[in-house]
Amino acid sequence: MSFLKLILKNPFRSKSRALLAIIGIGIGIATIVALGAVTDGMIASADDTLHAGGCDFTISGKSNEDSSPSQMSFGTTTINQSYVEKIQNVSGVNRAVPIYMAILRTSESPYFTLIGMDPGNQDLAELTITKGRMYKNDSYEIILGKAAAENENKTVNDTIKLNGETFEIVGIFETGNTFQDQGGFSPLEITQDLMDAEDNISSIYVKLDSGANVETVEGKIDSLYGENLTTISSLSDLEMVRDMIDMLNGASWAISLLAIIIGGVGIINTMLTSVLERTRELGVLKAVGWSNKKILTMIIGESIVITLVAGIIGSICGVIGVELLSATGAVSILAPVYTINTFAKAFGIALIVGVIGGLYPAIKATRLPPTEALRYE
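### Description of the packing of aromatic side chains
- This model, assessed by the stated rule, comprises five aromatic pairs.
- Their ring planes at 80° and their centres at 5.7 Å tell us that Tyr-83 and Tyr-225 sit as a pair that is edge-to-face. Residue Tyr-83 is found in helix 3 (residues 83–88), and its partner Tyr-225 is found in helix 8 (residues 214–225); the two are separated by 142 residues along the sequence.
- On the accessibility criterion, Tyr-225 (19% relative accessible area) is buried.
- Consider the rings of Phe-173 and Phe-185, whose centres lie 5.3 Å apart with planes at 80°: the pair is edge-to-face.

Right, here's the structure in full:
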């Protein structure tokens, strides 16, 4: 039997012990993959929303100590609609579009995203009406995203109740942005009335003239209205999303550290037991000329095999877990995104656990005197 085949076969001599080690490490890996997918999904969704319709940046209200919950919309302070005209008049701005965004509860969903927008700005949302028509201004009409229509079991000509008001569903749309497809669009003024936010908006989407410099225009807006407005051109500028992403990343790294500690202890125990059970075998290998380096490589290799198997199983379980949660609606507001970085991190953790967990048992194995090992029963 070749050296490589020996490394691949030895860890599974005791199937129950190997299985327990794989389960322990796999749980940590599954959690890392799941959190990574949700975090990347949040980043992708928020970025799509920030740059809806290819807008260059978004303007929102600047939070302050006097902001009350009624003055808040989607985690940012609302701003007076009069700023739309002011922004429109800034040199370099081609288009300033007011938006009111709110999270509401429906009979089927605790997170229904309602976006108030004038129907003439349909192109900004890059939505495609797949059934029915666009809503009209000054009417309690709404178009539902494809995903929202499925969740709510609604179609064109049905009605939906939001904040005590009944809306007629006049169309079904699709954008490809999961965040938007989980909600609906309605007229801006109707949405403002619904949220008791007359003349207030959540944000302004800004599209610039061709050739205009984003940083230059942002600088002009900041110098004119910086006391009350903040320009957002990337996720790092959006405090609510940034804090949530930082929280998820912190949780992911904490779980990674926990996985290393727990997995490392589990592998050390597994490999130490394996070394003790194979004391005589290791003595024979030393007696026939195996070097300490070769034995060290074999034991660490066996440890890595177990953790890599745990990494594969854990990654698969993490993906299945997130997809099941998405199917049940638990994380339906976000579409999980699976990136190479997420899986690279998971397998990197598995590799570290394998090396750390196998190092001490491997060193112990190399220190076994061949003559005593051969007498071991």
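### Topic: the environment of Leu-359
- Tracing the backbone shows Leu-359 in helix 12 (residues 340–366).
- Through-space distance from the C-alpha of Leu-359 to that of Gly-301 is 9.8 Å; in sequence the pair is 58 residues apart.

### Concerning empty space enclosed by the protein
- Overall, the coordinates contain one cavity of 30 Å³ or more when judged by the stated rule.
- Computed from the structure, the largest cavity encloses a volume of approximately 40 Å³.
- Of all the elements in the fold, those that place two or more residues in the lining of the largest cavity are strand 5 (93–104) and helix 4 (122–125).
- Residues that form the lining of the largest cavity fall into these classes: eight nonpolar, one polar and no charged.

### Re the pairing of strand 8 (residues 141–145)
- Of all five residues in strand 8, five are buried, a share of seventy percent or more.
- In the sheet, strand 8 pairs with strand 10 (residues 165–174) via five bridges, with the strands oriented parallel. Each residue of the ladder has a partner; that of Glu-141, found in strand 10, is Glu-168.
- Here strand 8 runs beside strand 11 (residues 184–186); their pairing, made up of two bridges, is antiparallel. Within strand 11, the residue paired with Leu-144 across the bridge is Gly-184.

So, how was this worked out
Residues numbered from 1 in each chain as written. Predicted model: local features only at pLDDT ≥ 70, side-chain atom pairs only at ≥ 80, totals over all residues. Heavy atoms only, no water. Phe/Tyr/Trp six-rings, centres within 6.5 Å; stacked < 30°, edge-to-face > 60°. Helix = DSSP H or I, 4+ residues; strand = E, 2+ residues; numbered from the N terminus. Buried < 20%, exposed > 50% of the residue type's maximum accessible area, 1.4 Å probe, protein only. 1 Å grid on protein atoms, 1.4 Å probe; cavity = no way out; pocket = protein on both sides within 12 Å on 5 of 7 lines; lining within 4 Å. Points joined across faces, edges and corners; volume = space filled by probe spheres on them. Nonpolar A, V, L, I, M, F, W, Y, C, P; charged D, E, K, R; others polar. Pairing = 2+ DSSP bridges.

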